[in-house]
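# Fold and geometry: a report
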Amino acid sequence: MSRRSTLLGLLALGAVSTCTVSAQAVPTLTVITHDSFALDKKLIAGFEAANHVHVQLLKGGDAGELLNKLILTRAAPIADVVYGLDNSLLPRAQAAGILSAYTSPAAAKIPAAYRLGDGTLLNTVDAGYVSLNVDRAAFQKTGLPLPTTLAQLATPEYAKLLVVESPATSSPGAAFYLATVQALGQDGALNWWRSARTGGMKVTRGWEQAYNQEFTLYGGKFPIVLSYASSPAAEVFYSAGKLKDAPTDNLFIPGTTFLQLEGVGILKGSKQTALAKKFVDFMLSASVQKDFPDRMWVYPSVPGTPLSSVWKYAQQPKLPPMPDSLLNRSAALTDLWVTQVLRK
């Protein structure tokens, strides 16, 4: 080996060594989220700088799909932290044993009504109301009055105007399904879903497909869509001043609306537990709580967090409390939906 090649070899070795030291000095914290997660990149960068860590964000699909991935990979976890599992999915996550217990000190500020389970596995980050939305202009063309009951909505006249998400792969879909079970009972809800599907109701895998592809507001065929009570506010916000009023309304039909609570937690098997706890704390910090409402269109869980003026177009329906006994059966109910509705 010549002196030059020896020198290059030493330099190369030095470079590798430097990279190794650098890689060792800056660990990676992997955070998996649902596809709708959005946060100011400057906040993430600030967390990385403050904690000397690289944050790798993974999008895991809609929340139901995300949970399925975490369960399938629990023997070799693909992330350290998960954000986006909600109160309809927590019982399945708990039964699968994929979460480690950690309650952030900041969770003490969160109202008891917003607590996810006993608060040890998921720390509530936000709350939102799953609700039917109607495209006012498109629906007016049907010449029909707005539906006011679930029974009416399942008739072919209205079912063919409705697109919702699957309870098996989507958290809004699971929430809507639980709302129908609460209103109609298990057998009544299964009958309702079968009738509505027979009548022409479309079921999609996730929110993105339902709202941005199948909803008439974005070129689809269905003027009623399962979304959120904050979606009308989002429409005004994204119009950048062009709209003075929302083009959509909420349709608060009894048995169709659900208070969804989303949380952040640590995945069992994480090698970065200390950093994962810091990220959980970070998601409940004032700066993060203030940032995401205009990005993800959900309410912050920490009281007193300011909202922008566009939130006047959102609504908060009054709902009967969802019993824990029903939430705890969500996994079994979803299995029933798959076998008795989807595969029928």
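Residues numbered from 1 in each chain as written. Predicted model: local features only at pLDDT ≥ 70, side-chain atom pairs only at ≥ 80, totals over all residues. Heavy atoms only, no water.

## Examining helix H15 (residues 330-342)
For H15, the complete set of buried residues consists of Ser330, Leu333, Thr334, Trp337, Val338 and Val341. Here the buried residues of H15 occupy an arc of 145° about the axis, which is enough to place them on one side. On the buried face of H15, the contacting elements are helix H4 (90-96), helix H8 (171-199), strand E7 (202-204) and helix H14 (324-327). (Buried < 20%, exposed > 50% of the residue type's maximum accessible area, 1.4 Å probe, protein only. Helix = DSSP H or I, 4+ residues; strand = E, 2+ residues; numbered from the N terminus. Arc of directions from axis to C-beta. Contact = heavy atoms within 4.5 Å.)

## Section: the pattern of salt bridges
Taken as a whole and assessed by the stated rule, the structure comprises four salt bridges. Of the charged contacts in the structure, one is a salt bridge between Asp245 and Arg136, with a shortest N-O distance of 3.8 Å. Of the two residues, Asp245 sits in the loop between helix H10 (231-238) and strand E9 (248-251) while Arg136 sits in helix H5 (residues 136-140), which places them 109 residues apart along the sequence. Judged by relative accessible area, which is 45%, Asp245 ranks as partly exposed. Classification of Arg136 by relative accessible area gives partly exposed; the value is 32%. Between Arg295 and Asp291 there is a salt bridge, with its nearest N and O atoms 2.8 Å apart. By relative accessible area, which is 16% here, Asp291 ends up buried. Three or more residues joined by partner-sharing salt bridges are found here, namely Asp40, Asp291 and Arg295. (Salt bridge = Lys/Arg side-chain N within 4 Å of Asp/Glu carboxyl O.)

## Overview of the confidence of the model for the protein chain
Overall, the prediction assigns the protein chain a mean pLDDT of 92, with 93% of residues at 70 or greater. Below a pLDDT of 50 lies the segment residues 1-21, which in the model reaches one contact outside its immediate sequence neighbourhood of four places, other chains included. (pLDDT = per-residue confidence, 0-100.)

## Things to note about the packing of aromatic side chains
On inspection of all chains with the given rule, the structure shows 18 aromatic pairs. Centroid distance Phe47 to Phe279: 5.3 Å. Interplanar angle 85°. Geometry classified as edge-to-face. With Phe47 in helix H2 (residues 41-51) and Phe279 in helix H11 (residues 273-283), this residue pair connects regions lying 232 residues apart in the sequence. Between Trp207 and Tyr211 the ring centres are 4.9 Å apart and the planes differ by 10°, which places this aromatic pair in the stacked class. Taken together, the residues Trp207 and Tyr211, both in helix H9 (residues 207-214) and four residues apart, mark about one turn of the helix. By relative accessible area, Trp207 is classed as partly exposed at 21%. One aromatic cluster is present, built from ring pairs that chain together Tyr129, Phe237, Tyr238, Trp297, Tyr299 and Trp311. (Phe/Tyr/Trp six-rings, centres within 6.5 Å; stacked < 30°, edge-to-face > 60°.)

## Quick notes on the nonpolar core
Core analysis: the biggest nonpolar cluster contains 51 residues, and Phe279 and Met283 have the highest contact counts within it. Elements represented by at least two residues in this core include exactly strand E1 (28-33), H2, helix H3 (63-72), strand E3 (81-86), H4, strand E5 (123-135), strand E10 (258-267) and H11. No other element matches the six residues that H11 contributes to this core. Residues Leu132, Ala154, Ala196 and Ile253 belong to the second largest nonpolar core, which totals 37 residues. (Core = buried A, V, L, I, M, F, W, Y, C linked by side-chain atoms within 4.5 Å.)

## Regarding the packing of H2 against H11
Running from amino to carboxyl end, H2 crosses H11 at an angle of 140°, the nearest separation of the two axes being 12 Å. By the criterion of interaxial angle, the relationship of H2 to H11 is oblique. The two elements H2 and H11 meet at a crossing, and its hand is right-handed. Residues Leu43, Ile44, Phe47 and Asn51 of H2 touch H11, and the partners they reach there are Leu275, Lys278, Phe279 and Phe282. Counted by class, the contact of H2 with H11 contains six nonpolar, one polar and one charged residues. (Axes fitted to C-alpha atoms, helices over the stretch in contact; angles between N-to-C directions. Parallel < 35°, antiparallel > 145°, perpendicular 65-115°, else oblique. Left-handed = near helix turned anticlockwise from the far one by under 90°. Nonpolar A, V, L, I, M, F, W, Y, C, P; charged D, E, K, R; others polar.)

## Section: the side chain of Glu262
On the secondary structure map, Glu262 appears in strand E10. Despite its burial, Glu262 pairs with no opposite charge; the closest candidate is Lys59, at 12 Å N-O. In terms of polar contacts, Glu262 uses its side chain to reach the side chain of Tyr83, at 3.0 Å. Once residues within four sequence positions are removed from consideration, Glu262 is found in contact with His34, Tyr83, Gly84, Leu85, Asp86, Leu116, Asn123, Thr124, Val125, Asp126 and Val298. (Lys, Arg positive; Asp, Glu negative; His and termini not counted. Polar contact = N/O pair within 3.5 Å; in protein donor to acceptor, adjacent residues only side chain to side chain.)

## Looking at H2
Here H2 has its buried residues at Leu43, Ile44, Phe47, Glu48 and Asn51. Projected down its long axis, H2 shows its buried positions confined to an angular sector of 140°, all on one face. Counted as exposed and oriented over 90 degrees from the buried face of H2: Lys41, Lys42, Ala49 and Ala50. Residues of H2 that are buried in the fold lie against E1, strand E2 (54-59), H11 and helix H12 (286-291).

## Examining the pairing of E5
Buried residues dominate E5, accounting for 13 of its 13 residues. Sheet analysis places E5 next to E10, joined by seven bridges and oriented antiparallel. Residue Val130 lies in a different strand from E10, and its bridge partner there is Phe258. Here E5 runs beside strand E8 (residues 224-228); their pairing, made up of five bridges, is antiparallel. Residue pairing in the sheet places Ser131 in a bridge with Ser227 of E8. (Pairing = 2+ DSSP bridges.)

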